[in-house]
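Secondary and tertiary structure notes
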Amino acid sequence: MATETDGAVDTGTLGAIFGDEQKEKILKYSLYAIAGALLVFLWIPLVVMVVLSFAVNASTFFPFRGFTLAHYTATFADEALMSALWNSVQIATISATIATILGVLASFALARYDFPYKEVYRTFGILPMVIPGVVLGIALLIYFRTLLGVTPGFVTVVLTHSVYGFPFVLLIVTSRLYTFDESLEEAARDLGADPLTVFRDVTLPVVLPAVGAGFLFAWIRSFEDFIRAFFVRGTMDVLTTSMFSMIKYGTAPKMNAISSFIVFVIAVVLAVAMNVGNVTEYVAGTEGDS
Amino acid sequence: MSSETGLTIRQRLLRTFSVQSRKLGLTLSPSIVWLLLLLLAPLTFMVTMSFMNVNDAYQIIWEPTLDNYGQLFAGDGPFWETSFFQSLLLSYEIALVTTILSLVLAFPLAYLLARRGGTTFKVVIFLVLLPFFTMYLVRAYSWFLMFGPSGAINSTLIKLGLVSEPVAAFNFGKTAIIVGLTHAYFPYMLLSLYASLDGLDFSLVEAARDLGASRAETLKDVILPLVMPGIISGSLFVFVPSLGAFITPRFLGQGRVLMIGQLIEERINSLYAIDYGSAASMFIVVSIALAFAVAFRYVSIEDLGGV
């Protein structure tokens, strides 16, 4: 930043150039101003929520009655909410594991081999991510209940989320495999390594970070999904459906506390992840929805 | 690994997968089975259901009919006055405005990110990504606290003495939904734009300026065509989920605004009207298929997902 403002000193020549420099400056600062305003827009509702989570009067600022930790204590003592949270963690872990296994295998097929209808398969593989949650949720509910006669519950949510998480793994791992130099594998084989050793010592170390990122994405998508789970959960509650009823029936204090807690956790995880690997590289192009 | 059994398993594995077709079968078949059973079959069944009727005992009557589609547009008045058509139109409007708003807001920030590296980049991207990674439900809820007659915006304005009555613009309704959706999906636009701006050769911009093009001309003739794939894929990723939005209109519309997702959910959950719901869902599915078909004329699927 400093170097660019220094450049403005060098303007003693023509009036026209001076005007141009001025314009450049105005443009640059307005760019910063817009960016700043956007960050405020992104953050203000979350900040308001976090502040309210510590406020005695949890639904509005005024009249202000002081700060308390009581909402957090009450939230973590809420057994129904905690069991819903535990359900969400289990579902996210199992479904992301399934999605990762399917996704990694499929990525190798896409990146390494040619087969008929490859493009159709690829498009189809991305579909679960693109199709709106309402549509996928309802389609699977009708399918499970009416066609298969399965009672919706834990298993149906896991199955639904395993399909939903699949494209995230597929996208991230395939793009890693495309940039992977296959001659490294050939070199290892030429030097006498058998295919399994090549996979373990050459391919795996390169692909593993992408697999990890894919798993993380599938996990988060499952954990935060409301609408798909809402349709196929039966009578079981997951975190998001519990939170949804909390908002519907107006229990703001606990909702603020659990939401703020999630923001804290994610802030820490993201800060760590960003310093370990290149998160942004993986984010572009992966999409989620309500 | 040196034990007898270890070697034989290893050798057997190697022999089994030395053939290309077997490798392909192993890598491809699990996901194909999964996608056929849990994506193609349900969607096909849903399309079929949209042409079938369900009786009062929730049994399917296997006779093809267009009744469900007729019902969507049936009412006292002409079809454009039916609640389904109204909410379809409203959903398009909201999704479209959200997309345009996201584009206008994201462009300057994406441009800034592409031209700035180092700490500025890291801090800004962290500040953008954190709300993005925060649960969707939490973000929709955080806006729910802001809006409404006694929400954070109105109560602060009143407390500051700027207004005496709650301002209607900050009540629940269409504006609130658009703000909530923009907040939710804006990062997709930002990241898509950033991805294409990051690959942009800025010496082209300088060359255009040196050759006498004005800023507006440079933007229109040099920058925009080069980032078009980013704009198209970003728009798609904002438009599509906005069209099928459910939580945001539910919280921020407070019953005043009925988007198509809510309309379908109500019928399915209260009446288990899977025939009506399937037919209504087809309008979302077809709209999205059309949006993608248009987008694919300008960008490849690789640009959309990085595959």
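Residues numbered from 1 in each chain as written. Chains lettered and ligands numbered in written order. Predicted model: local features only at pLDDT ≥ 70, side-chain atom pairs only at ≥ 80, totals over all residues. Heavy atoms only, no water.

- Under an unreviewed UniProt entry, the name given to chain B is ABC transporter permease, and the organism recorded is Halorussus caseinilyticus.
- Per its UniProt entry, chain B bears the Sequence similarities (unreviewed entry) comment "Belongs to the binding-protein-dependent transport system permease family. CysTW subfamily."
- Looking at chain B in UniProt, the text filed under Subcellular location (unreviewed entry) is "Cell membrane". (UniProt positions renumbered as here; feature names shortened; annotations may be inferred.)

1. Regarding the overall build of chain B
- Scanning chain B from N- to C-terminus turns up 14 helices and two strands.
- Taking 307 residues into account, the globule formula puts the C-alpha radius of gyration at 19 Å, and chain B, at 26 Å, lies well above it.
- With respect to the three principal axes, the spread of C-alpha positions in chain B is 85 × 70 × 40 Å.
- Taking as baseline every contact in chain B between residues at least 6 positions apart, the subset at least 24 positions apart corresponds to 64%.
- Counting only carbon and sulfur atoms, one obtains 64% of the accessible surface of chain B, whose full area is about 13,900 Å².
- Each charge class in chain B can be summarised by its mean position, and for the 18 positive and 19 negative side chains these summaries are 13 Å apart. (Helix = DSSP H or I, 4+ residues; strand = E, 2+ residues; numbered from the N terminus. Rg over C-alpha atoms; globule rule 2.2 N^0.38 Å. Contact = heavy atoms within 4.5 Å. Areas by Shrake-Rupley, 256 points an atom, 1.4 Å probe, with all protein chains shown as cover. Lys, Arg positive; Asp, Glu negative; His and termini not counted. Charge placed at Lys NZ, Arg CZ, Asp CG, Glu CD.)

2. Describing the pattern of salt bridges
Residue and element names in this part refer to chain A.
- Applying the stated rule across the entire model yields twelve salt bridges over all chains.
- Between Asp 201 and Arg 200 there is a salt bridge, and its shortest N-O distance comes to 3.2 Å.
- Linking Glu 224 and Arg 221 is a salt bridge whose minimum nitrogen-to-oxygen distance equals 2.6 Å. In this pair, Glu 224 and Arg 221 are both assigned in helix H9 (residues 195–224), three residues apart and thus about one turn of the helix distant. (Salt bridge = Lys/Arg side-chain N within 4 Å of Asp/Glu carboxyl O.)

3. Focus on the interface of chain B and chain A
- If you look at the interface, chain B gives 96 residues, while chain A gives 108 residues.
- Between chain B and chain A, roughly 9,300 Å² of surface is buried when both sides are summed, and carbon and sulfur atoms account for 80% of that area.
- The element that contributes the greatest number of residues to the side of chain B that touches chain A is helix H2 (residues 20–49) of chain B, accounting for 21 residues.
- Grouping the constituent residues of the side of chain B that touches chain A by class yields 68 nonpolar, 17 polar and eleven charged. (Buried area = accessible area lost by both parts, 1.4 Å probe. Nonpolar A, V, L, I, M, F, W, Y, C, P; charged D, E, K, R; others polar.)

4. Some thoughts on helix H6 (residues 133–148) of chain A
- Taking burial as the measure, the 16 residues of H6(A) include twelve buried ones, the bulk of the element.
- Turning to H6(A), its buried residues are A:Gly133, A:Val134, A:Val135, A:Leu136, A:Gly137, A:Ile138, A:Ala139, A:Leu140, A:Leu141, A:Ile142, A:Tyr143 and A:Phe144.
- Lining the buried residues of H6(A) we find helix H5 (118–130), helix H7 (154–178) and helix H10 (227–232) of chain A together with H2, helix H12 (260–271) and helix H13 (274–296) of chain B.
- Just downstream of H6(A) lies A:Gly149, where phi reads positive at about 70 degrees. (Buried < 20%, exposed > 50% of the residue type's maximum accessible area, 1.4 Å probe, protein only.)

5. Quick notes on the confidence of the model for chain A
- In this model, chain A carries a mean pLDDT of 83, and residues with pLDDT of at least 70 account for 89%.
- When the criterion is pLDDT under 50, residues 1–15 of chain A qualifies, and its contacts beyond four places in sequence or with other chains add up to ten contacts. (pLDDT = per-residue confidence, 0-100.)

6. Considering the packing of aromatic side chains
- Enumeration over the complete set of coordinates arrives at 33 aromatic pairs over all chains.
- Aromatic pair A:Phe217 and B:Phe133: ring centres 5.9 Å apart, planes at 70 degrees, arrangement edge-to-face. One end of the pair, A:Phe217, is in helix H9; the other, B:Phe133, is in helix H5 (residues 118–133), on a second chain. Note on accessibility: A:Phe217 and B:Phe133 belong to one class, buried.
- In textbook terms, an aromatic cluster arises when at least three aromatic residues are bridged by ring pairs, as seen for A:Phe226, A:Phe230, A:Phe231, A:Phe244, B:Tyr141, B:Phe144, B:Phe172, B:Phe246 and B:Phe251.
- Its end group placed over the ring of A:Tyr164, A:Arg228 keeps NZ or CZ at 3.6 Å from the ring centre.
- Of note, B:Arg267 hangs over the ring of B:Tyr276, and the distance from its end group to the ring centre comes to 3.9 Å. (Phe/Tyr/Trp six-rings, centres within 6.5 Å; stacked < 30°, edge-to-face > 60°. Lys NZ or Arg CZ within 6 Å of the ring centre and 35° of its normal.)

7. A closer look at unusual backbone geometry
- For A:Tyr117, which is not glycine, the phi torsion reads 60 degrees and is therefore positive.
- If you trace the backbone, A:Tyr117 turns up in the loop between helix H4 (79–112) and H5.
- With a phi angle near 50 degrees, B:Gln254 is a residue other than glycine that sits in the positive phi range.
- Along the polypeptide, B:Gln254 turns up in the loop between helix H11 (247–253) and H12.
- Since its relative accessible area comes to 41%, B:Gln254 is described here as partly exposed.

8. Description of the packing of helix H4 (residues 83–115) of chain B against H13(B)
Residue and element names in this part refer to chain B.
- Two elements in contact, H4 and H13, have axes separated by 12 Å at closest approach and are oriented at 30 degrees. Viewed along their axes, H4 and H13 adopt a mutual orientation that is roughly parallel. The crossing of H4 and H13 is right-handed. Here Phe 84, Leu 88 and Tyr 92 of H4 come into contact with H13, specifically with Tyr 276, Ala 280, Phe 283 and Ser 287. (Axes fitted to C-alpha atoms, helices over the stretch in contact; angles between N-to-C directions. Parallel < 35°, antiparallel > 145°, perpendicular 65-115°, else oblique. Left-handed = near helix turned anticlockwise from the far one by under 90°.)

9. A word on the environment of A:Leu81
Residue and element names in this part refer to chain A.
- Secondary-structure assignment places Leu 81 in helix H4.
- Residue classification places Leu 81 among the buried positions, given a relative accessible area of 3%.
- Sequence-wise, Leu 81 and Val 276 are 195 residues apart; in three dimensions their C-alpha atoms are separated by 32 Å.
- Not counting the four nearest positions on each side in its chain, Leu 81 is found in contact with Thr 75, Leu 239, Ser 242, Met 246 and Ile 258.

10. Quick look at helix H9 (residues 202–210) of chain B
Residues and elements named next belong to chain B.
- Of the residues making up H9, those classed as buried are Phe 202, Val 205 and Ala 208. For H9, the arc enclosing every buried residue in end-on projection is 110 degrees, short of the 170-degree limit, so these residues lie on one face.
- Buried positions along H9 lie against H4, helix H8 (174–198) and helix H10 (215–243).
- Gly 212 occupies a position one or two residues after H9 and carries a positive phi of about 100 degrees. (Arc of directions from axis to C-beta.)

11. Let's talk about the UniProt feature "transmembrane region" (unreviewed entry) in chain B
- Look at the UniProt record and you will see "transmembrane region" (unreviewed entry) annotated at residues 32–52, 94–114, 121–138, 175–195, 231–252 and 273–299 of chain B.
- From the first C-alpha to the last, residues 231–252 of chain B spans 27 Å; its make-up is 86% helix and 0% strand.

12. Topic: the confidence of the model for chain B
All names here are of chain B.
- Summary statistics for chain B give a mean pLDDT of 85 and a share of 94% for residues scoring 70 or more.
- When pLDDT is averaged over each helix and strand of chain B, the minimum, 59, is found for helix H14 (residues 301–305) and the maximum, 91, for H4.
- On the interface metric, ipTM, the complex scores 0.84, and its pTM is 0.85.

13. Topic: the nonpolar core
- Core analysis: the biggest nonpolar cluster contains 183 residues, and A:Met243, B:Leu109 and B:Phe147 have the highest contact counts within it.
- Broken down by element, this core gets its largest block of residues, 15 residues, from H8(B).
- Two domains each put at least three residues into this core: domain 1 (1–49) and domain 2 (67–304) of chain B.
- Non-local contacts of B:Leu109, meaning those with residues more than four positions away in its chain, are made with A:Ala35, A:Leu38, B:Val124, B:Val128, B:Phe186 and B:Leu190. (Core = buried A, V, L, I, M, F, W, Y, C linked by side-chain atoms within 4.5 Å. Domains from an automatic or database assignment.)

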